[in-house]
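# Coordinate inspection notes
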Amino acid sequence: MKTVGFIGWRGMVGSVLINRMIKKKDFDGINAIFFTTSQHGGTIPLNIKNKCRILQDAYNIEILSSLDIIITCQGSEYTNKIYFQLRKKGWNGYWIDAASNLRTLIDSVIVLDPINLNLIKKKINMGIKTFVGGNCTVSLMLMSLGGLFKYNLVDWISVSTYQAASGAGSKFMKELIIQMGYIYNHISHLINDASVSIIDIERKISTLMNNTNFPKKNFLAPLVNNLIPWIDKKINNGQTKEEWKGTFETNKILNTNTIIPIDGICVRVATLRSHSQSFTIKLKKDLSTDNITEILNSHNKWVKIIPNNYSDTINLLTPSSVSGTLSLSVGRIKKLNIDKNCFSIFAVGDQLLWGASEPLRRMLKLLI
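A few points on the structure. (Residues numbered from 1 in each chain as written. Predicted model: local features only at pLDDT ≥ 70, side-chain atom pairs only at ≥ 80, totals over all residues. Heavy atoms only, no water.)

Structurally, Gly127 can be placed in the loop between helix 4 (113–125) and strand 7 (130–133). Distance from Gly127 to Val330, taken between C-alpha atoms, is 37 Å for residues 203 residues apart in sequence. (Helix = DSSP H or I, 4+ residues; strand = E, 2+ residues; numbered from the N terminus.)

Laid out in structure tokens, this is it:
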């Protein structure tokens, strides 16, 4: 039985991972050891059958070196501090990581097994031991549009993402909720006052949002009643790093011989969970919308095609409709007037599942 160490399991992605593993009974086949960066010596607050109920020190290289597999959702800072120490010490176990900083290594594999299972198996057989979850929007895109990539139909993609606050972390989610409350607490008494016009209320809200006391410590700008068309740091060509990942990670996951260009603008929006994406796709051949629907629908069991009508779209093609599920809603499939080979597609998925924790869980299952 493999001994697997879990680090960062109490955070947002980690807790979703653990809940999925409990639901799927994944712990039955492993010897699980739980680590902590701050509370070692305590007791595991989980109802999981395992041989070690005492929390271990996540910085103890000796204990970590004894593990067959390490799976971490602790973040890049932890990975940078521990991963290279372990490898330098000669540890030859499997490292599965949710953080982004190992994705660019030559000897790492970005994992999304419904898309690149054959590549993952090939790399395991080659002796590769480092497996990393992909960028959330890249993984959701590949899962949603998988059939188009499978049959090599994509010439290029331009995308606008609409990314939830949870993509930035738990403290950002909390700040969005605080911003909601801040506005409501200041204007609630005006809502049912017939003497106050809606324009007066809007003006009051705008004034509040521009006030120096408005809670924006983390976002550095209001997100409620707003959006922020910038995610991650700027790189040399005017892209943000989040936008750069589109081409790099997609082509690494697909192991392409010819680069598929993917670019666009990544936008933070005032939703708590689940990311949406609007794609303009140039295909290599002229297909009908029925052709595309069939190709997408047949690729994997999680894609749910949403009919291109008003009622289904507003009820089923939204973050709230997919949050907490593995479903990938794909809709607004239509041919554009720009070019006979250009289509638009809108897709929504829970980035804490397919965009983060689920590929790690499935990678662990493959190794077990």
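What follows picks up the thread again.
Within the structure shown, the criterion is met by 14 aromatic pairs. Look at Tyr94 and Phe131: their rings are 6.3 Å apart centre to centre, the planes differ by 35 degrees, and that puts the pair in the tilted class. Of the two residues, Tyr94 is situated in strand 5 (residues 94–97) and Phe131 in strand 7; the sequence distance between them amounts to 37 residues. For Phe131, a relative accessible area of 0% translates into the label buried. With a centroid separation of 4.9 Å and 10 degrees between ring planes, the pair formed by Trp244 and Phe248 is classed as stacked. (Phe/Tyr/Trp six-rings, centres within 6.5 Å; stacked < 30°, edge-to-face > 60°. Buried < 20%, exposed > 50% of the residue type's maximum accessible area, 1.4 Å probe, protein only.)

Two elements in contact, helix 5 (residues 136–144) and helix 9 (residues 241–254), have axes separated by 9 Å at closest approach and are oriented at 50 degrees. As far as their axial angle goes, helix 9 and helix 5 are oblique. Crossing angle aside, the handedness with which helix 5 passes helix 9 is right-handed. Two secondary-structure elements touch here, helix 5 through Cys136, Thr137, Val138, Met141 and Leu142 and helix 9 through Glu242, Lys245, Gly246, Glu249, Thr250, Ile253 and Leu254. Of the residues in the contact of helix 5 with helix 9, the class split is six nonpolar, three polar and three charged. (Axes fitted to C-alpha atoms, helices over the stretch in contact; angles between N-to-C directions. Parallel < 35°, antiparallel > 145°, perpendicular 65-115°, else oblique. Left-handed = near helix turned anticlockwise from the far one by under 90°. Contact = heavy atoms within 4.5 Å. Nonpolar A, V, L, I, M, F, W, Y, C, P; charged D, E, K, R; others polar.)

Our focus in this paragraph is the sheet that holds strand 4 (residues 69–72). Where strands meet in a sheet, backbone hydrogen bonds hold them as pairs that are either parallel or antiparallel. Strand order in the open sheet formed by seven strands is 3-2-1-4-5-7-6, with parallel pairing between adjacent strands. A single partner strand is all that each edge strand has here, and the edge strands are strand 3 (56–57) and strand 6 (108–111). Sheet topology note: the strand 1 (residues 3–7)/strand 2 (residues 31–36) ladder contains four bridges and is parallel. By the bridge assignment, Gly5 is partnered in strand 2 with Ile33. Packing against the sheet, helix 3 (residues 76–89) makes contact with strand 1, strand 4, strand 5 and strand 7, and its axis sits at approximately 170 degrees to strand 5. (Pairing = 2+ DSSP bridges.)

Take the nonpolar core next. If you look at soluble globular proteins, the nonpolar side chains tend to sit buried side by side. Leu145, Leu148, Phe149, Ile157, Phe279, Ile292 and Ile345 are the most contacted members of the largest nonpolar core, which has 37 residues in total. Counting only elements with at least two residues in this core, the list comes to helix 5, helix 6 (146–150), strand 8 (154–163), strand 11 (275–283), helix 10 (289–297), strand 13 (328–335), strand 14 (342–349) and helix 13 (353–367). Broken down by element, the residue count for this core peaks at five residues, all from helix 5. Every residue in contact with Phe149, bar those within four places of it in the chain, is listed here: Met141, Leu142, Val154, Ile157, Thr250, Leu254, Ile260 and Ile262. Among the nonpolar cores identified, the runner-up in size contains 28 residues, and Trp9, Leu17, Ile96 and Ile128 belong to it. (Core = buried A, V, L, I, M, F, W, Y, C linked by side-chain atoms within 4.5 Å.)

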